[in-house]
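# Architecture and fold: a report
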Amino acid sequence: MWKFRDVISILDFNREDLEHLFSMTDRILERLFDVGSLLDGKIVATAFIEPSTRTRLSFETAAKRLGAEVINLEPHISSMAKGESLTDTLRMLDDYADLIVIRSPYEGSAKHAADVCEHPVINGGDGTQHHPTQAMIDLYTVRRLKGRIDGLEFGVVGDLKYGRAAASFLYGLTRFNVKRIWLISPEPLSPRPELMDRLKSLGVDIMKTENLEEAVEGVDILYVTRIQKERFPDPAEYEKVRGSYVITRKIISRAREGLKVLHPLPRVDELSHDVDDTPYQAYFIQAKFGVPVRMALISLILGAF
Amino acid sequence: MDEQETLRVSKIKNGTVIDHIPAGRALAVLRLMGITGSEGHVVTVAMNVRSGKLGKKDLVKVENLELKAEQVNKLTLIAPTATINIIRDYEVVEKRNVKLPDKIVGILRCTNPGCITRQPMEHVSSRFLIVSKSPLRLECEYCGRYLEEEEVLKQLTQ
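Residues numbered from 1 in each chain as written. Chains lettered and ligands numbered in written order. Predicted model: local features only at pLDDT ≥ 70, side-chain atom pairs only at ≥ 80, totals over all residues. Heavy atoms only, no water.

### Some thoughts on the overall build of chain B
Each helix and strand in chain B was counted, giving four helices and nine strands. Ordered by position from the N terminus, the helices and strands of chain B form the series α-β-α-β-β-α-β-β-β-β-β-β-α. The C-alpha radius of gyration computed for chain B amounts to 17 Å, which stays within 12% of the reference 15 Å derived for 158 residues, consistent with globular compactness. Along the first, second and third principal axes, the C-alpha atoms of chain B reach 55 × 30 × 25 Å. Burial analysis of chain B (158 residues in total) assigns 45% to the buried set. Residue pairs in contact within chain B that sit at least 24 positions apart in sequence constitute 61% of those at least 6 positions apart. Each charge class in chain B can be summarised by its mean position, and for the 24 positive and 20 negative side chains these summaries are 2 Å apart. (Helix = DSSP H or I, 4+ residues; strand = E, 2+ residues; numbered from the N terminus. Rg over C-alpha atoms; globule rule 2.2 N^0.38 Å. Buried < 20%, exposed > 50% of the residue type's maximum accessible area, 1.4 Å probe, protein only. Contact = heavy atoms within 4.5 Å. Lys, Arg positive; Asp, Glu negative; His and termini not counted. Charge placed at Lys NZ, Arg CZ, Asp CG, Glu CD.)

### Quick notes on the interface of chain B and chain A
By convention, interface size is frequently given as the accessible area that disappears when the constituent parts associate. Across the boundary between the two partners, chain B contributes 16 residues, which contact 19 residues of chain A. Interface area for chain B against chain A, summed over the two sides, is near 1,500 Å², with a carbon-plus-sulfur share of 46%. Seen at the junction of chain B and chain A, the total is three salt bridges. Glu141 of chain B is the salt-bridge partner of Lys111 of chain A, the closest N and O atoms lying 3.5 Å from each other. At the junction of chain B with chain A, the criterion picks out eleven residue pairs in polar contact (both at pLDDT 80 or more). Of the residues belonging to the side of chain B that touches chain A, the class tally is seven nonpolar, four polar and five charged. (Buried area = accessible area lost by both parts, 1.4 Å probe. Salt bridge = Lys/Arg side-chain N within 4 Å of Asp/Glu carboxyl O. Polar contact = N/O pair within 3.5 Å; in protein donor to acceptor, adjacent residues only side chain to side chain. Nonpolar A, V, L, I, M, F, W, Y, C, P; charged D, E, K, R; others polar.)

### Digging into the packing of helix α5 (residues 132-146) of chain A against helix α6 (residues 164-173) of chain A
Residue and element names in this part refer to chain A. At a minimum axis separation of 8 Å, α5 and α6 run at an interaxial angle of 55 degrees. One way to sum up the angle between α5 and α6 is to call them oblique. The element α5 and its partner α6 pack so that their crossing is right-handed. Note on element contacts: α6 touches α5 through Ala165, Ser168, Phe169, Gly172 and Leu173, opposite Pro132, Gln134, Ala135, Asp138, Leu139 and Val142. Here the contact of α5 with α6 is built from residues that sort into seven nonpolar, three polar and one charged. (Axes fitted to C-alpha atoms, helices over the stretch in contact; angles between N-to-C directions. Parallel < 35°, antiparallel > 145°, perpendicular 65-115°, else oblique. Left-handed = near helix turned anticlockwise from the far one by under 90°.)

Rendered as structure tokens:
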């Protein structure tokens, strides 16, 4: 079911696949990460051509905790700095490693990597639509904190136009029977037609609003995202929407009891620090699940579970 | 067509006749077929001739060349009304229907400058899936961006 699969989009996985991944993650957490050197002798390559903190380091940590060796492509000091193409670089990594994790500024590069490489490829964030492993972590966090994903009401707030974590989370939710999803964003950051069409075709109950306070009152999960400054073609457009929404303790005090606030991090100014020490805060827990979910994922793909 | 126009586009002995092309798109059809003129075939192009069905239409005749199915299918992108006749010894031996292929590879350009297919160093051919036939809407298989009919026509006719 999972062995040697590429992980390009969360939409490549059905509910059964995801449930299996989550049970494996539960097992890893129950054993306090001590699952033995399941991947002894294996090599995992990371090729992060775009900045990353959590994704790259959690993949590296996950691989090392499983006993694998990790090699990292450093684009600024590799032949890519001399002008070598991504395609040729991938061919080389495919010769060296058993699994390749890629993040590139070019949209669709993970799919291209999967076409080029014989070994499995994991998309570590690609373009504006796909960050499948982040979605796996987000869904796992909800399931863990709420005991279920089905029947819950979700609010996804922020940059729904350029934010790949938000898009992947939304796609991931379509694999479950959620009650409703609120899409909350100022008009310039509202979702692209491609995303809306796909969500509609998957039969989800979707509500769009610019009114954050109204939406917050009814949701069980509030998923906040950063405005993706680096993806705006025109910096002036970014300045127009910068700071257009900020989640504060005051705003979420109107929420129903048990609300959990998620954020894929990093945050800039869209999520106030005064939420950090409230019971609503779930983003640091979410970040902590990055390693066990990715441990489960790598193990399943390399056939260790 | 009246007599004068019939004279303009006389019968061919062997080859392909692409008829009922929307007016003004004959050159784009040739481009899409990969016919540049340097192949040596005799090519006759008639543009903006009268048509009972379309009002005005274009027509292309290529002598001694029988178009392949995949070449014909590409035509639906810009000439969904086109009819294709294969001619042998002055007779129509086959009428080919134009059918939109499932994927369009390498002809069109993704509008997203950040798409992997737009990076000259990477040599990745564009690939589009058909989302809707009418109006035509394609989706880039790599970055997921839509390509609308208007843009398809623009790319193929300019």
